[in-house]
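So the chains spell out like this:
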There are 2 protein chains.
Amino acid sequence: MAPLPAKPDMKDRILEIADRLFYLQGIRAVGVDTIAAEIGISKRTLYNHFPSKDALISAYLARRFVAPRPSEKPPLEQILGTFDSLERRFAAKDFRGCPFVNAVAELGSEDQPVRKIAIAFKESRRLWFRDLLVQLGVADAEGLATQLVLLVDGSIAQDLVRNDPAMARAAKAAAVVLLANAGVRVGDGGATQKSQVKTR
Amino acid sequence: MAPLPAKPDMKDRILEIADRLFYLQGIRAVGVDTIAAEIGISKRTLYNHFPSKDALISAYLARRFVAPRPSEKPPLEQILGTFDSLERRFAAKDFRGCPFVNAVAELGSEDQPVRKIAIAFKESRRLWFRDLLVQLGVADAEGLATQLVLLVDGSIAQDLVRNDPAMARAAKAAAVVLLANAGVRVGDGGATQKSQVKTR
DNA sequence: GCCTACCTACACAGGTCTGTGTACCTATTT
DNA sequence: AAATAGGTACACAGACCTGTGTAGGTAGGC
């Protein structure tokens, strides 16, 4: 019955479905049978493309790990835009938190492959912020970048539980304050005089 | 063989062990057999105290939901102390993130009992911050309380992945800036003049 | 026409999971 | 002494899990 030409690369198709199911329902909650059935292939075919479920899990996370594409927009706009796009993603009903955090929470800290990729992802996001802050001339770009990822991950965790996109706006408001305090002129009516708070 | 006097209330003992295993290894990863074996009781006994694993999960989360005990310390000290105690907990090797966030991540957003208690917990923490901020005379106590819980949850998520207690310090530093911006005099050498940043 | 690659269907091994059924044992209370 | 409460051991039902084995079908390239 319609042997499915297998054109759009079977491996991609498997990953696409696995991604959706793993992300929405949890990794342990989804069996390989379920994935194969959802695609309409036999379990044997799936195991011909991935040697084990663990390999599929790793591939799932690796596929989620896409570097943010470089943008021509001004750095500040990019930074604050992060929170706007977070808010949009929160509003989508298929948002279920950060797949990397979720995977570590679910699989435990002993799962080294999963943890390694999760750490790499988190660090790459932090570095993305840091580089933009450097462009803005922020002195402690490292520290501020860390604080910004805290706001991002905090709003993600809160939204996962509460399902409230306003968390992204709260995070953005906090980010604006932190940026202003670091001497960045945020477009807010010039209310932003450099009055650094010594944080320790 | 030593029928275990069952004095310290069997139910508590079950919950205590279930808590440790659920929290450290994940809820789905731990079977009731494992819990019973760890306590040294038969599975039958466990099921005589809890009608199902779901009930045990709910009891586990309910037990984690302890209201912060009222303190005589000044409000600002309580707020900032939160981050210090977070740092201490991060440093402990048995810290594995927020049990409520982890449970929602693992069990899916469809599990209503679990989600409800997670939401209640998060909101209670936010209100705790808010009440302290009101005592400090902060105008937008609601908004700032939300921002503070973002920092708390952000640092928890980051520490879960990276295992880096410094995340708590970064969150504290950000909190200090946010508090100062809201007009709270933070004990930092008077570098804290009231120069509100309009956040929108 | 045939070979190769890839798919199918399907059974099954061996494990784990939740939850129950049954019969017995051992304190404490009455 | 007897009844009751709460524990034990242990088997088992029924579901689901990962992973494999086997035999056959079908399309494209040589």
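Okay, so let's go over this structure.

Calculation criteria
Residues numbered from 1 in each chain as written. Chains lettered and ligands numbered in written order. Predicted model: local features only at pLDDT ≥ 70, side-chain atom pairs only at ≥ 80, totals over all residues. Heavy atoms only, no water. Helix = DSSP H or I, 4+ residues; strand = E, 2+ residues; numbered from the N terminus. Buried < 20%, exposed > 50% of the residue type's maximum accessible area, 1.4 Å probe, protein only. Contact = heavy atoms within 4.5 Å. Axes fitted to C-alpha atoms, helices over the stretch in contact; angles between N-to-C directions. Parallel < 35°, antiparallel > 145°, perpendicular 65-115°, else oblique. Left-handed = near helix turned anticlockwise from the far one by under 90°. Buried area = accessible area lost by both parts, 1.4 Å probe. Salt bridge = Lys/Arg side-chain N within 4 Å of Asp/Glu carboxyl O. Polar contact = N/O pair within 3.5 Å; in protein donor to acceptor, adjacent residues only side chain to side chain. Nonpolar A, V, L, I, M, F, W, Y, C, P; charged D, E, K, R; others polar. Least-squares fit on C-alpha atoms with pLDDT ≥ 70 in both. Near = heavy atom within 4 Å. Phe/Tyr/Trp six-rings, centres within 6.5 Å; stacked < 30°, edge-to-face > 60°. Lys NZ or Arg CZ within 6 Å of the ring centre and 35° of its normal.

1. Points about the overall build of chain A
Step number 1: Helices and strands together make up the secondary structure of chain A, namely 9 helices and 0 strands.
Step number 2: Mapped in sequence order, the helices and strands of chain A form the string α-α-α-α-α-α-α-α-α.
Step number 3: Looking at the 200 residues of chain A, the share that counts as buried comes to 50%.
Step number 4: Relative to all contacts within chain A whose residues are 6 or more apart in sequence, the contacts with residues 24 or more apart total 64%.

2. As for the packing of helix α5 (residues 75-91) of chain B against helix α9 (residues 166-181) of chain B
All names here are of chain B.
Step number 1: α9 packs onto α5 with a crossing angle of 165 degrees between their chain directions and a minimal axis gap of 8 Å. As the angle between them shows, α5 and α9 are arranged roughly antiparallel. Seen along the crossing, α5 lies across α9 with a hand that is right-handed. Along its contact with α5, which presents Leu76, Ile79, Leu80, Phe83, Asp84, Leu86, Glu87 and Phe90, the element α9 presents Met167, Ala168, Arg169, Ala171, Lys172, Ala175, Val176 and Leu179.

3. Some remarks on the interface of chain B and chain A
Step number 1: Taken together, the 51 residues of chain B in the interface contact 51 residues of chain A.
Step number 2: Of the roughly 4600 Å² buried between chain B and chain A, counting both surfaces, carbon and sulfur atoms make up 64%.
Step number 3: Across the contact surface, chain B and chain A share 2 salt bridges.
Step number 4: Counting the contacts that link chain B with chain A gives 12 residue pairs in polar contact (both at pLDDT 80 or more).
Step number 5: At the level of elements, α6 (99-107), α7 (112-135), α8 (141-162) and α9 of chain B are the ones that each hand at least two residues to the side of chain B that touches chain A.
Step number 6: Along the lines of polarity and charge, the residues of the side of chain B that touches chain A split into 23 nonpolar, 15 polar and 13 charged.

4. A look at the relation of the copies chain B and chain A
Step number 1: Rotating chain B by 180 degrees about the axis while translating it 0.0 Å along that axis superimposes it on chain A, leaving an RMSD of 0.0 Å. Here the copies are linked by what is in effect a two-fold axis. Among all residues of chain B, the one whose C-alpha sits closest to the rotation axis is Gly154 of chain B, at a distance of 1.7 Å.
Step number 2: Counting the interface residues of chain B, we find that 100% of their copies in chain A are interface residues as well, pointing to one common contact surface.

5. Considerations on the protein's contact with DNA strand D
Step number 1: Around DNA strand D, the surrounding shell holds 16 residues, and the nearest of these are Val32, Asp33, Lys43 and Lys53 of chain A together with Thr45 of chain B.
Step number 2: Atoms of DNA strand D within 4 Å of the protein belong to the sugar or the phosphate in 50% of instances, the rest to bases.
Step number 3: Measuring from a phosphate oxygen of DNA strand D, one finds a backbone N or O atom of Lys53 of chain A at 2.7 Å.
Step number 4: Between DNA strand D and His49 of chain B there is a distance of 3.1 Å, counted from a phosphate oxygen to a side-chain nitrogen or oxygen.
Step number 5: Listing elements by their share of the surface near DNA strand D, those giving two or more residues are α2 (32-39) and α3 (43-49) of chain A together with α3 (43-49) of chain B.
Step number 6: Split by residue class, the surface near DNA strand D holds 5 nonpolar, 6 polar and 5 charged.

6. A short note on the protein's contact with DNA strand C
Step number 1: Among the 16 residues in the neighbourhood of DNA strand C, the closest are listed as Thr45 of chain A together with Val32, Asp33, Lys43 and Lys53 of chain B.
Step number 2: Each atom of DNA strand C within 4 Å of the protein was classed as base or backbone; sugar and phosphate made up 49%.
Step number 3: Measuring from a phosphate oxygen of DNA strand C, one finds a side-chain N or O atom of His49 of chain A at 3.0 Å.
Step number 4: Mapped onto the surface near DNA strand C, the elements with two or more residues apiece are α3 of chain A together with α2 (32-39) and α3 of chain B.
Step number 5: Residues that form the surface near DNA strand C fall into these classes: 5 nonpolar, 6 polar and 5 charged.

7. A word on the packing of aromatic side chains
Residue and element names in this part refer to chain B.
Step number 1: With the rule as written, the count across this model stands at 12 aromatic pairs over all chains.
Step number 2: When the centroid spacing of 6.3 Å and the interplanar angle of 75 degrees are considered together, the rings of Phe65 and Phe100 count as edge-to-face. In this pair, Phe65 is assigned in the loop between α4 (53-64) and α5 and Phe100 in helix α6, connecting sequence segments 35 residues apart.
Step number 3: Relative to Phe129, the ring of Trp128 has its centre 5.3 Å away and its plane inclined at 65 degrees; by these criteria the two rings are edge-to-face.
Step number 4: One cation-aromatic arrangement involves Lys11 over Phe50; the distance from NZ or CZ to the ring centre is 5.4 Å.
Step number 5: Note that Arg64 overlies the ring of Tyr23, its terminal NZ or CZ placed 4.3 Å from the centroid.

8. Description of the side chain of Arg96 of chain B
Step number 1: In this fold, Arg96 of chain B is placed in the loop between α5 and α6.
Step number 2: Contacts of Arg96 of chain B, omitting those with residues within four sequence positions, involve Val104, Ala105, Gly108 and Ser109 of chain A together with Tyr23, Leu24, Gly26, Asn102 and Leu160 of chain B.

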